[in-house]
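Residues per chain, in single letters:
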Amino acid sequence: MNVESVEIMTKFAVLALGFLLLIFLIAVLTPKAAAVIDKLMKKAPSPERVEDNNNNNEQPQVRGIYDAQLPDENKDNNGDEENG
């Protein structure tokens, strides 16, 4: 084995270990940096809960996209039944 091959393999090994060390440092330091940033930034207040107008605790009605809409449910219905 010649010396030049050993030098090339050594350089490759050092670069590979350096790259893996960089990834390890980023993985370790990222959560710590996030914790510091969280402490520095003001936390937004949690949104208030919106009360439903539904006082009788009924479950909301969920309809599929193919469910028919009843005529009395269409608030924009002006009585015009023509198409087009």
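Look up: the structure comes first, before these words.
Residues numbered from 1 in each chain as written. Predicted model: local features only at pLDDT ≥ 70, side-chain atom pairs only at ≥ 80, totals over all residues. Heavy atoms only, no water.

Visitor: Run through the overall build of the protein chain, naming residues and quoting values.
Guide: From N to C terminus, the protein chain includes one helix and zero strands. Here the protein chain, with 84 residues, has 0% of them falling under the buried criterion. (Helix = DSSP H or I, 4+ residues; strand = E, 2+ residues; numbered from the N terminus. Buried < 20%, exposed > 50% of the residue type's maximum accessible area, 1.4 Å probe, protein only.)

Visitor: If you had to explain helix α1 (residues 3-40) to someone new, which residues and values would you point to?
Guide: With 38 residues, α1 ought to run about 56 Å at 1.5 Å a step, and its terminal C-alpha atoms sit 54 Å apart, in line with that. Approximately 30° is the largest bend angle found in α1, and it occurs at L29, with the proline P31 only one to four residues beyond. (Expected span 1.5 Å × (residues − 1). Bend = angle between axes of the 7 residues up to and from the residue.)

Visitor: Please set out a nonpolar patch on the surface residue by residue, giving values where relevant.
Guide: Taken together, the side chains of L17, F19, L20, L22, I23 and I26 make up a nonpolar region of the molecular surface, amounting to roughly 620 Å² of accessible area. Here I26 shows up in helix α1. We classify I26 as partly exposed; its relative accessible area is 48%. (Patch = residues over 30% accessible without salt bridge, like charges linked within 9 Å, V, L, I, M, F, W, Y side chains within 5 Å. Areas by Shrake-Rupley, 256 points an atom, 1.4 Å probe, with all protein chains shown as cover. Salt bridge = Lys/Arg side-chain N within 4 Å of Asp/Glu carboxyl O.)

Without other data, these values stay purely geometric and don't point to any function.
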